[in-house]
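Reading the structure
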2 protein chains.
Amino acid sequence: MRMAELSTVSGVPIPTIKYYLREGLLPAGDRTSATQATYDDAHVRRLRVIRALLDTGASVAGTRHVLATLDEPPEDPTELLGAAHAAAAPTSAFEISTSEAESLADRLGFSLDSCDHDRLADVARALHVLGQAGFEVPDDVMTTYVAHMKAIASAEIAGTPIADPEESVRYVVLGTTLIEPLLLALRRMAQQVESRELFSPDE
Amino acid sequence: MRMAELSTVSGVPIPTIKYYLREGLLPAGDRTSATQATYDDAHVRRLRVIRALLDTGASVAGTRHVLATLDEPPEDPTELLGAAHAAAAPTSAFEISTSEAESLADRLGFSLDSCDHDRLADVARALHVLGQAGFEVPDDVMTTYVAHMKAIASAEIAGTPIADPEESVRYVVLGTTLIEPLLLALRRMAQQVESRELFSPDE
């Protein structure tokens, strides 16, 4: 199909498609002349993924990383999720020492050996920001958070379609990033429902 | 204290403090002359909250909303969490019909009466973005998400310090927003640990 049809089918305006092409997010079409190219269903699917990533607040650079991982998945499956996380959230901007990492892993109930340093640093950063705002997370609440996030992660990882490597990468990379707004929206909804019950004058 | 000392104590550069004053995020100090004012510990605490909110990705306008709710909490406690959510995430940008709201509430296992329409619309939006990327959430995974988010919300709401209204607003408004990066970081860490176990060649 021509670009005009790609725009109609995908619902993405032509100037935006051209921008994605220039930014290297969307692969070039098959060139049919000096000024024209044709596009196929893979371009439509790719446009949907680009929109979804940008809609969840990913930067253009972050989106480019995620797409590159989708296109060239690591050969070693143990690196799969690491690559997915790196794509969705690059190297942590927060620095922690080995002993800080050790004591944090211990507090969370993980063994230091099984933890990626960058992922621990992200948790440390979130706690640091909370502390800066004078907000401490009590140990029992932290235990609740860890237990439920472990249960969620366990169900998600168990659902990875490992028999199909391509689908597996897609599941991990997109699932990691795109599920986040869903989880946060569900928490806020559940808080609102619980709060209404707690504060209801009829109770 | 003078502005220079406020800057030293809080670690926020003077031009940034002036910017927060202009934007109405930080209340003016007590004016001691035409060009000087004094600040107190409340300004230091407020600066920490401003930094924490902006660090978690809140906009200046969103931060102003959250701070306004902290300064003037609603009188009716049943409105507390609604105001906190509205401050942290204003009216949903996504529109759903009453029948869509009904079927979504049903799918999630909530009664429509107890759900705020905007919070349901946020969930619908997250599902829409996932669908656009060709990513469906299976019913059993959704059930897992809802169950764990309800458990988290329940623990959080039960911990609200309702005896102290000012502390209670602070807890709800900041807890809603600032805990989000912590939960997401914990999920990613748990995924990485689980994934390493699943894909480990020794298992």
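Please refer to the structure placed before this passage.
Residues numbered from 1 in each chain as written. Chains lettered and ligands numbered in written order. Predicted model: local features only at pLDDT ≥ 70, side-chain atom pairs only at ≥ 80, totals over all residues. Heavy atoms only, no water.

1. Looking at empty space enclosed by the protein
Under the definition given, this model contains 1 cavity of 30 Å³ or more. In this structure, the largest cavity spans a volume of roughly 130 Å³. Of all the elements in the fold, those that place two or more residues in the lining of the largest cavity are α8 (139–158) and α9 (165–199) of chain A together with α8 (139–158) and α9 (165–199) of chain B. Residues of the lining of the largest cavity, tallied by class, amount to 10 nonpolar, 3 polar and 2 charged. (1 Å grid on protein atoms, 1.4 Å probe; cavity = no way out; pocket = protein on both sides within 12 Å on 5 of 7 lines; lining within 4 Å. Points joined across faces, edges and corners; volume = space filled by probe spheres on them. Helix = DSSP H or I, 4+ residues; strand = E, 2+ residues; numbered from the N terminus. Nonpolar A, V, L, I, M, F, W, Y, C, P; charged D, E, K, R; others polar.)

2. A word on the interface of chain A and chain B
On the side of chain B, 77 residues touch chain A, which itself brings 77 residues to the contact. Here chain A packs against chain B, burying approximately 7,400 Å² in sum over the two surfaces, 73% of which is carbon and sulfur. Where chain A packs against chain B, one counts 4 salt bridges. Its salt-bridge partner being A:Arg187, residue B:Glu156 comes within 3.0 Å of it at the nearest N-O pair. Viewed at the interface, chain B and chain A are joined by 17 residue pairs in polar contact (both at pLDDT 80 or more). Class assignment of the residues belonging to the side of chain A that touches chain B gives a composition of 45 nonpolar, 17 polar and 15 charged. (Contact = heavy atoms within 4.5 Å. Buried area = accessible area lost by both parts, 1.4 Å probe. Salt bridge = Lys/Arg side-chain N within 4 Å of Asp/Glu carboxyl O. Polar contact = N/O pair within 3.5 Å; in protein donor to acceptor, adjacent residues only side chain to side chain.)

3. Quick notes on the nonpolar core
Ranked by internal contacts, the top residues of the largest apolar core, which has 108 residues, are A:Leu108, A:Leu182, B:Leu108 and B:Leu182. Setting aside its immediate chain neighbours within four residues, B:Leu108 contacts A:Leu186, A:Met189, B:Leu120, B:Val123, B:Met142 and B:Val146. (Core = buried A, V, L, I, M, F, W, Y, C linked by side-chain atoms within 4.5 Å. Buried < 20%, exposed > 50% of the residue type's maximum accessible area, 1.4 Å probe, protein only.)

4. Considering the packing of aromatic side chains
All names here are of chain A. Within this structure, the stated rule accounts for 2 aromatic pairs over all chains. Here the aromatic rings of Tyr19 and Tyr20 are separated by 6.0 Å at their centres, their planes lie at 50 degrees, and the arrangement is tilted. Relative accessible area serves as the criterion here: at 32%, Tyr19 is assigned to the partly exposed category. Here Tyr20 falls in the buried class, since its relative accessible area comes to 4%. Between Lys150 and the ring centre of Phe110, over which it is positioned, the NZ or CZ distance is 4.8 Å. (Phe/Tyr/Trp six-rings, centres within 6.5 Å; stacked < 30°, edge-to-face > 60°. Lys NZ or Arg CZ within 6 Å of the ring centre and 35° of its normal.)

5. Notes on helix α6 (residues 98–108) of chain A
Residue and element names in this part refer to chain A. Within the span of α6, buried status applies to Ala101, Leu104, Ala105 and Leu108. Take α6 and look down its axis: the buried residues cluster within an arc of 100 degrees, on one side only. Opposite the buried face of α6, by more than 90 degrees, sit the exposed residues Ser99 and Asp106. Remark: Gly109 follows α6 within two positions and exhibits a positive phi of approximately 85 degrees. (Arc of directions from axis to C-beta.)

6. Section: the packing of helix α3 (residues 41–55) of chain A against helix α4 (residues 60–71) of chain A
All names here are of chain A. Packing of α3 against α4 leaves a shortest axis separation of 10 Å and a crossing angle of 140 degrees. Here α3 is positioned oblique relative to α4, judged by the angle of their axes. α3 and α4 meet at a crossing whose hand is right-handed. Seen from α3, the contacting residues are Arg46, Val49, Ile50, Leu53 and Leu54; seen from α4, they are Val60, Thr63, Val66, Leu67, Leu70 and Asp71. (Axes fitted to C-alpha atoms, helices over the stretch in contact; angles between N-to-C directions. Parallel < 35°, antiparallel > 145°, perpendicular 65-115°, else oblique. Left-handed = near helix turned anticlockwise from the far one by under 90°.)

7. Some remarks on the pattern of salt bridges
All names here are of chain B. In this structure the tally under the stated criterion is 12 salt bridges over all chains. Residue Asp122 is joined to Arg119 by a salt bridge in which the shortest nitrogen-to-oxygen separation is 2.7 Å. Taken as a pair, Asp122 and Arg119 lie in helix α7 (residues 117–132) at a separation of 3 residues, close to a single helical turn. For the residue pair Asp122 and Arg119, the accessibility class agrees, reading buried in each case.

8. A word on the relation of the copies chain A and chain B
With an axial shift of 0.0 Å and an RMSD of 0.1 Å, the rotation relating chain A to chain B amounts to 180 degrees. Accordingly, the operation relating the two chain copies is best matched by a two-fold axis. Scanning chain A for the C-alpha nearest the rotation axis identifies A:His148, at a separation of 2.8 Å. Both copies contact each other with a shared surface, as 100% of the interface residues of chain A are interface residues in chain B too. (Least-squares fit on C-alpha atoms with pLDDT ≥ 70 in both.)

9. Some words on the environment of B:Ala28
Residues and elements named next belong to chain B. Topologically, Ala28 is positioned in the loop between α2 (14–22) and β1 (30–31). Each C-alpha atom, one on Ala28 and one on Lys18, is 9.8 Å from the other, the two residues being 10 residues apart in sequence. In this view, Ala28 contacts Leu21, Tyr39 and His43; residues no more than four positions away in its chain are not counted.

10. Quick look at the packing of α6(A) against helix α7 (residues 117–132) of chain A
Between two packed helices, what matters for the description is the angle formed by their axes and the separation of those axes. All names here are of chain A. Look at α6 against α7: their axes get within 10 Å of each other, and the N-to-C directions meet at 80 degrees. Here α6 lies roughly perpendicular to α7, going by the angle between them. For the pair α6 and α7, contact is made by Ala101, Leu104, Ala105, Arg107 and Leu108 and by His117, Leu120, Val123, Ala124 and Leu127, respectively. Residues belonging to the contact of α6 with α7 are distributed by class as follows: 8 nonpolar, 1 polar and 1 charged.

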